[in-house]
Amino acid sequence: MSLIFMRVSGILILLVFSNFVNALWPLPQNWTKGTSLLRVYPSIIIKYDPSLLNSYIDQLIESAKHRLQVFLLDEKHLSPNVKFQIPEDEKFDSILTLSCIQIEITNDKRDQDDFEEINIDWTYNKEMKEGISLGTDESYELIIPNKKEDNTELVAYLKAPTVYGILHGLTTFSQLLYYNRSEENSGLFLPFAPHHINDFPKFMHRGLLLDTSRNFYPIKEILKTLDVMSWNKMNVFHWHIVDSTSWPVVSEKYPELSEKGAYDSKKMIYTKRDIRIVDEYARTRGIRIIPEFDMPGHTHAIAASMPEIMTCIDMYPDWDQYSSDPPSGQLNPAIPETYTFLNELVPEIASYFTDKFYHTGGDEVNLNCWESLTQQNDHTKESLLDKFVTSLYSIIANEGKTPITWQEMVTEHNLTLPKDTVVQVWRNSAMVKKVVEKGYRVVTGSGDYWYLDCGYGGWYGNNIEGRSWCDPYKTWQKIYSYNPIEELSDKEAKFVIGGEVLLWSEQSDSTNYEQQLWPRSSAAAEILWSGPEDINGNRRVPDKDALKRLNDWRFRMVERGVRAEPLQPL
């Protein structure tokens, strides 16, 4: 970018000529900009009237203000695309300073059900009702002028119907700032004012699945992931928290589950307090935590403490006849002890999380595991599965939760589930239409587009060819090319509430997961927020519509401490 100063009739005019790419990510729905340059200091004032808000919203805004001020003080982002020159001494004084951001929540009600007038314990407050929920309005309007009114201070305006739109608006503002390191005039600048942004998400469920069972992730890494998700305007953390290989969740009713099922019962565990810290941390950033306790398959870890309610445990060497991955083992749906276990455990662990949705798992149930059970009673293998699912869903409903399940329950086993059930599609993108045609809401994130663990080879050993089941590696371009509602009618598309990128952790842990997540997850985040098509109805193209912005965004994430992998040579 070049800055040129011209005098016209004695007036100094600043012109901004651009090879500049505003690196807003995800791209706003509507955005106009100008040619002026503004100065921004860390001391910029963020104003709002707390008397018009309840205490919970007030504290959400104060928390967001603090995070923005940390960026203003610490971030020194030098863009690979933004090259601008700062005018010298007397011309520098002509640059206006943005002094204030005025915040207004336009649709707040002090007595709304989602928020109570209570004092917040930021560690956890058990009386806190759910904050953000499915369908919460996250839109916002951001106006940054380039002229003062009546010689007053230069003020930007951020308006939104809910506090969650305010959070997104402040995130957008932080991405408009660029740093200059010259000794004379270092600091933050905001190019291309005036800005007028009207923004809202295309999809209401914009998620990321992280598997913390196959390899353990410390709480600090989960919290960091939530931060980066919020910068990318993602709003669902799908916490795949238990699986066949480990049970790290500490249950008060069944403490033996983690004592014998965790990799390390002292260090590699998640307590109720840990979970509630994560839940609260997420909600202050506009993110929902949806837990997944996968059942009846993927439950081998339970066998370490309760083998009496399990079947086909450790079937070696023919494990692949009884499970999708080793070690084998599924819950036994034919005995009453299993249902006693469900009725005591599920309400407890569901209560750890505030969101109204509960992921039941249900994928890769291997019916061979129950062959012997059908010889002992009048049930078939499919009727045993139906019995188990019906019981589990009843418990979830009694807890005021809505179930989410993997697609097999309706596409392979053809179970009739409650119509409020959300079905998550994972095998391939063509399954979205099949599930929608059955009348269920869909979260998509299929293995042919949005699986982040693909392409790293198998993990069983002796995998000389380096192939995995979902090859090839999913590049950010592949991820960006996915249209979650492709080949759906307008009516069918309404059943697709959103999608998720997924990182299964057979070969991931805290040493490498960030490179696997970012910036590829950012590509999905833009499809889910901005939509797969531009305002003219044209499909977004990776190199034309995204590459320069994503490259810039990746550098900014690195500046913020994220180990995001590079997209191109420097």
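Residues numbered from 1 in each chain as written. Predicted model: local features only at pLDDT ≥ 70, side-chain atom pairs only at ≥ 80, totals over all residues. Heavy atoms only, no water.

(A) Representation of the overall build of the protein chain within the structure. The helix and strand inventory of the protein chain stands at 15 helices and 18 strands. Taken over C-alpha atoms, the radius of gyration comes to 26 Å for the protein chain, in line with the 25 Å a tight globule of 570 residues would show. Considering only residue pairs separated by 6 or more positions, the protein chain has 74% of its internal contacts joining residues 24 or more positions apart. Averaging the positions of the 58 positive and the 81 negative side-chain charges in the protein chain gives two centres separated by 5 Å. (Helix = DSSP H or I, 4+ residues; strand = E, 2+ residues; numbered from the N terminus. Rg over C-alpha atoms; globule rule 2.2 N^0.38 Å. Contact = heavy atoms within 4.5 Å. Lys, Arg positive; Asp, Glu negative; His and termini not counted. Charge placed at Lys NZ, Arg CZ, Asp CG, Glu CD.)

(B) Here's a closer look at the packing of helix 4 (residues 219-231) against helix 6 (residues 272-283). Running from N to C, helix 4 and helix 6 point in directions that differ by 15°, and their axes come no closer than 10 Å. Accordingly, the angle class assigned to the pair helix 4 and helix 6 is roughly parallel. Note on packing geometry: the crossing formed by helix 4 with helix 6 is right-handed. Side by side, helix 4 and helix 6 meet where Ile219, Ile222, Leu223, Leu226 and Asp227 of the first sit next to Asp274, Val278, Tyr281 and Ala282 of the second. Broken down by class, the residue content of the contact of helix 4 with helix 6 amounts to seven nonpolar, no polar and two charged. (Axes fitted to C-alpha atoms, helices over the stretch in contact; angles between N-to-C directions. Parallel < 35°, antiparallel > 145°, perpendicular 65-115°, else oblique. Left-handed = near helix turned anticlockwise from the far one by under 90°. Nonpolar A, V, L, I, M, F, W, Y, C, P; charged D, E, K, R; others polar.)

(C) Fine view of the state of the cysteines. A complete count under the given rule lists two disulfides for this structure. Between Cys312 and Cys369 runs a disulfide, and the two sulfur atoms are separated by 1.5 Å. Across the disulfide from Cys312 to Cys369, rotation about the S-S bond amounts to roughly -85°, and the bridge is consequently left-handed. Taken as a pair, Cys312 in the loop between strand 12 (310-311) and strand 13 (330-331) and Cys369 in the loop between strand 14 (357-359) and helix 8 (381-398) lie far apart in primary sequence, 57 residues in all. Taking relative accessible area as the criterion, Cys312 reaches 12% and is therefore assigned buried. At a sulfur-sulfur separation of 2.0 Å, the disulfide partner of Cys454 is Cys470. On the sign convention where negative is left-handed, the bridge of Cys454 and Cys470, at about -110° about the S-S bond, is left-handed. (Disulfide = S-S within 2.5 Å. Buried < 20%, exposed > 50% of the residue type's maximum accessible area, 1.4 Å probe, protein only.)

(D) Quick peek at the nonpolar core. Core analysis: the biggest nonpolar cluster contains 102 residues, and Phe237, Trp239, Trp247, Phe341 and Trp518 have the highest contact counts within it. Of the residues forming this core, the biggest block, eight residues, is contributed by helix 8. Ignoring anything within four residues of it in the chain, the contact list for Phe341 reads Tyr254, Leu257, Met295, Ile302, Met306 and Ile309. (Core = buried A, V, L, I, M, F, W, Y, C linked by side-chain atoms within 4.5 Å.)

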